[in-house]
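Structure at a glance
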Amino acid sequence: MDTENKIQEAVSYIREKYANPPQIGIILGSGFSFFQEHLQDSTVIAYSDIPNFPVSTVEGHAGNLVMGKCQGKELCVMAGRFHYYEGYTMQDITFPVRVMAALGIKTLVVTNAAGGINKSYSVGDFVALTDHINLLGSSPLRGKETSGQRFIDMTHCYTSELRDQAIETSKNHDITLHQGVYAATHGPNFETPAEIRMMRVMGADLVGMSTVPEVIVARQLQLQILGISCVTNMAAGVLDQELSHHEVMDTMDKNRQKFVGFIEELIANKL
Ligand SMILES: O=P(O)(O)O[C@H]1O[C@H](CO)[C@@H](O)[C@H]1O
């Protein structure tokens, strides 16, 4: 079956469960899954039930597509994302973005947990992405079968109006929101201090193991894109301490309330 038919199969299944077309898609990063509880009149659909969907294998990624309302808007929330390091292909991990676009979203909010490379950042800060560096070694648009345009422009990938609105909104909340460049690495091992020094020279402010494939496909589909990272730890070698997924989850847990107020206001007024 080709990609377009697979997308239509998934869309039909989701529409049977929840008829209202979503306006906004949100991908929740590691530890962000709690946000699904903030949707009203929601329908939770397990990824394992959706035709052609991959399933989550990472702690902190629930593995549900949650359709529902938030601040009067219709949302499609991915509580759990897919990473290249889980062994999926680039096409697999970005398939849900194609499905959300086919369901009708016009805006995609991509969140993630990331390591802070920029030494002016602190653990618990948030960052609105201005750009990214793809160190994954591949693109989700690679392949003989082209689903959509192949040579897409990446100059204005992250929508500046959405970023400006996020910065404005952050002023009403007890959060620090920087602007920065996200470097995506293959993972799943964390980086070495030497790799982090290299990424700093390249111009990266943050590092993580996701987001970029989803953003490339969202850009191909001409969605408006807002990328928000939580600095869950300082990147390897910045501090004299080892990194762990436990620390990543712990930081997200401590900062979840701040994030909810901020994102809800953004959804209500700006997205
Ligand atoms: O990017 P998200 O999914 O938020 O998760 C980040 O946190 C995990 C490492 O702790 C990695 O999967 C990294 O990419």
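Residues numbered from 1 in each chain as written. Predicted model: local features only at pLDDT ≥ 70, side-chain atom pairs only at ≥ 80, totals over all residues. Heavy atoms only, no water.

Looking up the chain in an unreviewed UniProt entry gives the name Purine nucleoside phosphorylase, with the organism given as Uabimicrobium amorphum. Word for word, the UniProt comment on the chain under Function (unreviewed entry) is "The purine nucleoside phosphorylases catalyze the phosphorolytic breakdown of the N-glycosidic bond in the beta-(deoxy)ribonucleoside molecules, with the formation of the corresponding free purine bases and pentose-1-phosphate." Its UniProt record gives the chain a comment under Sequence similarities (unreviewed entry), which states: "Belongs to the PNP/MTAP phosphorylase family." (UniProt positions renumbered as here; feature names shortened; annotations may be inferred.)

1. Description of the UniProt feature "binding site: phosphate" (unreviewed entry) in the chain
Residues annotated in UniProt with the feature "binding site: phosphate" (unreviewed entry) correspond here to Ser 30, His 61, Arg 81, Phe 82, His 83, Ala 113 and Ser 210. The subset of the named residues that lines the second largest pocket consists of Ser 30, Arg 81, His 83, Ala 113 and Ser 210. With respect to the helices and strands, the residue Ser 210 is situated in the loop between strand 8 (206–208) and helix 5 (212–220). Setting aside its immediate chain neighbours within four residues, Ser 210 contacts Arg 81, His 83, Asn 112, Tyr 182 and Ala 184. In terms of polar contacts, Ser 210 uses its side chain to reach the side chain of Thr 211, at 3.0 Å. (1 Å grid on protein atoms, 1.4 Å probe; cavity = no way out; pocket = protein on both sides within 12 Å on 5 of 7 lines; lining within 4 Å. Helix = DSSP H or I, 4+ residues; strand = E, 2+ residues; numbered from the N terminus. Contact = heavy atoms within 4.5 Å. Polar contact = N/O pair within 3.5 Å; in protein donor to acceptor, adjacent residues only side chain to side chain.)

2. Concerning the UniProt feature "binding site: a purine D-ribonucleoside" (unreviewed entry) in the chain
Mapped onto this structure's residue numbering, the UniProt feature "binding site: a purine D-ribonucleoside" (unreviewed entry) falls at Glu 191 and Asn 233. With the annotated positions falling across 43 residues, the maximum pairwise C-alpha distance of 12.4 Å places them together in a single cluster. Taken from the residues named earlier, the lining of the second largest pocket is made up of Glu 191 and Asn 233. Inspection of the secondary structure assignment puts Glu 191 in the loop between strand 7 (177–184) and helix 4 (193–202). A relative accessible area of 10% means that Glu 191 is categorised as buried. For Glu 191, the residues in contact, after removing those within four places along its chain, are Thr 185, Ile 196, Met 199, Val 207, Met 209 and Ala 236. With respect to the helices, strands and loops of the structure, Asn 233 is situated in strand 9 (residues 224–234). The exposure class of Asn 233 is buried, given its relative accessible area of 4%. Not counting residues up to four positions away in its chain, the partners in contact with Asn 233 are Ala 114, Gly 115, Gly 116, Val 123, Leu 243, Glu 247 and Val 248. (Buried < 20%, exposed > 50% of the residue type's maximum accessible area, 1.4 Å probe, protein only.)

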